[in-house]
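Commentary on secondary and tertiary structure
Residues per chain, in single letters:
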Amino acid sequence: MLSVTKHPLTKPSLDTVIKSFEKSLSNNYKEYFVEVVDCPDLTVSPWNLALPGLCGDPSVADVGGVPNLIPSPKVDKQYNLDNVAESCGLSGGYVIGPSAVASKLLGKNAELVNNVKTGKDGVVKSMYTKIIDDKENVYECKEYPHNEFGLLGNLFLCRGQPGKVIHVTAKERKGSLNFINCLNRGLAKDFTDPVAVGGTFLLTNGKAKLHVMPGFSCCPLNSDDDVNNWLRFFEMSGPLTHTSVFVSKDPGLDLRLEHSHCFSEHGDGGHYHFDTTPDTVCYEGYFNLADAIFRVDPPSETHMIGRD
C-alpha cells in the first residue's frame with residue numbers, strides 16, 4: 001500500500017483568484033485577460049486531453065519526488081495511476097500531469113505527460129518525450145500506452161465533469177517570470193493558506209525553452225549544476241499543450257511547487273521552463289482549484305536539488 005497524507009484546503013473563491021492572477025499578469029505581460037467560464041471540452045484539438053472537464057472532486061497529488069531521481073535514480077520506484085487515484089479517493093477518475101516515465105516499460109528514462117482515465121473503462125492518451133540517442137541531441141515525442149509512471153509525478157485528479165473554471169490568456173511577455181511562476185507567485189503573495197491549482201495551458205504562438213532527460217546519469221548528481229549539465233535543453237515551437245500543477249505554499253509536505261510538461265501534434269515536447277520569444281508569445285489556459293493535496297509515497301531522505 002502506498003503511504004498517503006491528505007491535506008484538505010480552504011479554497012478561495014474563483015473571483016478572488018482572478019484578481020490575484022490579473023495583478024500578477026499585469027506585471028509580466030502587455031496583454032492579458034482572466035475570467036470564470038464553463039470548462040470547454042478538453043478532449044478536442046488542440047488540447048487533446050482524456051478528460052472533458054476539470055471539475056468533480058478536484059485534487060492534486062505529489063507522488064514520489066525528485067530525490068527518487070537525484071542524486072541517483074531509484075528505478076524500482078514505479079507507480080500505477082489506478083492505485084494512485086484509488087489512494088486519493090478517486091477510483092475511476094481522470095489524472096493529468098507531469099512525471100517521469102516508468103523506465104522499465106519504456107526501456108529508458110523520459111519526460112511524460114500523464115493523460116489518463118483510470119478504472120475498468122480506462123483511457124490512456126499519455127505522451128512521452130525522450131532522447132533517442134544519448135550521444136546526439138535528437139528527441140522524439142510519441143504516444144505512451146501505459147498507466148504507470150516512475151520516480152516522481154505532480155498530478156491533477158478529478159472526475160472530468162463540466163463546471164466553472166478559470167480561463168487565462170496572456171500575450172507579449174514584458175517581465176522575467178514564466179507563465180506558471182507568474183500566476184503562482186501572485187497566489188503566494190495574496191493568500192495566507194496554500195492554494196493548489198491544476199489544469200492545462202497552450203503556448204499558442206512563439207517558442208519555449210524545454211528540457212528532456214537523457215538516460216540515467218552514471219555518476220551521482222550532487223548539485224543543480226550537475227543536473228543542468230546532464231539535462232538536454234532545446235528551443236521548441238508552439239503550439240505546445242501543457243499539463244500543469246502548481247501550489248502556492250508548501251504546508252510541510254515536501255512538495256514540488258510548480259511542474260509542467262508538454263506535448264504537441266508536430267513532435268515537440270518536454271519539461272517547460274520559459275518562453276524564448278517574449279515579443280510574440282501567446283498563452284491560453286484553463287485551471288481549477290484543488291480541494292486537497294495528497295502526498296503519496298514521499299522519499300525518506302529529501303533535498304532541494306533539481307526542482308526547477
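Use the structure listed above.
Here's a quick rundown of the structure. Predicted model only: the values in this text are computed from it and were never measured.

1. Side note on the pairing of strand E9 (residues 138–144)
- Two elements, strand E8 (residues 126–133) and E9, share seven bridges in a ladder whose sense is antiparallel. Looking across to E9, one finds that threonine 129 is bridged to cysteine 141.

2. Thoughts on the side chain of histidine 259
- Inspection of the secondary structure assignment puts histidine 259 in strand E16 (residues 258–263).
- According to the relative accessible area criterion, histidine 259 is buried, its value standing at 3%.
- A distance of 3.1 Å separates polar atoms of two side chains, one belonging to histidine 259 and the other to histidine 261.
- The residues touching histidine 259, leaving out its near neighbours within four places in the chain, are Pro98, Leu152, Asn154, Thr243, Ser244, Val245 and His271.

3. Details of the packing of aromatic side chains
- Scanning the model with the defined rule gives 13 aromatic pairs in all.
- An angle of 80 degrees between the planes, with centres 6.1 Å apart, marks the rings of tyrosine 29 and tyrosine 283 as edge-to-face. Placement of tyrosine 29 in strand E2 (residues 29–38) and of tyrosine 283 in strand E18 (residues 282–289) is noted, with a sequence separation of 254 residues between them.
- Classification of tyrosine 29 by relative accessible area gives buried; the value is 0%.
- What links up through ring pairs into an aromatic cluster is the set Tyr29, Phe179, Phe201, Phe246, Tyr272, Tyr283 and Phe287.
- Positioned above the aromatic ring of phenylalanine 233 is the side chain of lysine 209, whose terminal nitrogen or guanidinium carbon lies 4.7 Å from the ring centre.

4. Structural notes on the state of the cysteines
- By the definition in use, this model includes zero disulfides.
- With no disulfide of its own, cysteine 39 lies 6.0 Å from the sulfur of cysteine 55, the closest cysteine sulfur.
- Here cysteine 218 is not disulfide-linked; the sulfur of cysteine 219 is the nearest cysteine sulfur, at 3.9 Å.
- Take cysteine 218: its relative accessible area is 79%, and that puts it in the exposed class.

5. Quick notes on unusual backbone geometry
- Cis rather than trans, the peptide bond between serine 45 and proline 46 has omega equal to 5 degrees.
- For proline 46, the location among the structural elements is in the loop between E2 and strand E3 (59–64).
- The omega torsion of the bond from isoleucine 70 to proline 71 falls at 10 degrees, within 30 degrees of zero and hence cis.
- Within the secondary structure layout, proline 71 lies in the loop between E3 and strand E4 (78–80).
- Phi angles above zero are rare outside glycine, and aspartate 297 is one such case at about 50 degrees.
- With respect to the helices and strands, aspartate 297 occurs in the segment after strand E19 (292–296).
- Looking at aspartate 297, the relative accessible area reads 15%, which means it is buried.

6. So, helix H1 (residues 14–26)
- Given a rise of 1.5 Å per residue, 13 residues ought to cover 18 Å, and the 18 Å separating the end C-alpha atoms of H1 matches this to within 8%.
- Among the residues of H1, those classed as buried are Leu14, Val17, Ile18, Ser20, Phe21, Ser24 and Leu25. The buried residues of H1 occupy one face: seen down the axis, they fall within an arc of 165 degrees. Away from the buried face of H1 by more than 90 degrees, exposed residues Asp15 and Lys19 are located.

7. Details of the sheet that holds E18
- Taking strand neighbours across the sheet as the criterion, the nine strands line up as E2-E11-E18-E12-E15-E16-E17-E13-E14 in an open arrangement whose pairing is antiparallel. Each of the sheet's edge strands pairs with one partner strand only, and the pair in question is E2 and strand E14 (232–237). Averaged over all neighbouring strand pairs, the angle between strand axes comes to 30 degrees, with direction disregarded.
- Here strand E13 (residues 207–212) pairs with strand E17 (residues 270–275) via four bridges, running antiparallel. Each residue of the ladder has a partner; that of alanine 208, found in E17, is aspartate 275.

8. Re the pattern of salt bridges
- Applying the stated rule across the entire model yields twelve salt bridges.
- The shortest N-O distance in the salt bridge between lysine 130 and glutamate 140 comes to 3.8 Å. Residue lysine 130 is found in strand E8, and its partner glutamate 140 is found in strand E9; the two are separated by ten residues along the sequence. Just as lysine 130 is buried, glutamate 140 falls in that class too.
- When salt bridges that share partners are traced, they join Lys130, Glu140 and Lys142 into one network.

Thresholds, definitions, all that
- Residues numbered from 1 in each chain as written.
- Predicted model: local features only at pLDDT ≥ 70, side-chain atom pairs only at ≥ 80, totals over all residues.
- Heavy atoms only, no water.
- Pairing = 2+ DSSP bridges.
- Helix = DSSP H or I, 4+ residues; strand = E, 2+ residues; numbered from the N terminus.
- Buried < 20%, exposed > 50% of the residue type's maximum accessible area, 1.4 Å probe, protein only.
- Polar contact = N/O pair within 3.5 Å; in protein donor to acceptor, adjacent residues only side chain to side chain.
- Contact = heavy atoms within 4.5 Å.
- Phe/Tyr/Trp six-rings, centres within 6.5 Å; stacked < 30°, edge-to-face > 60°.
- Lys NZ or Arg CZ within 6 Å of the ring centre and 35° of its normal.
- Disulfide = S-S within 2.5 Å.
- Expected span 1.5 Å × (residues − 1).
- Arc of directions from axis to C-beta.
- Axes fitted to C-alpha atoms, helices over the stretch in contact; angles between N-to-C directions.
- Salt bridge = Lys/Arg side-chain N within 4 Å of Asp/Glu carboxyl O.

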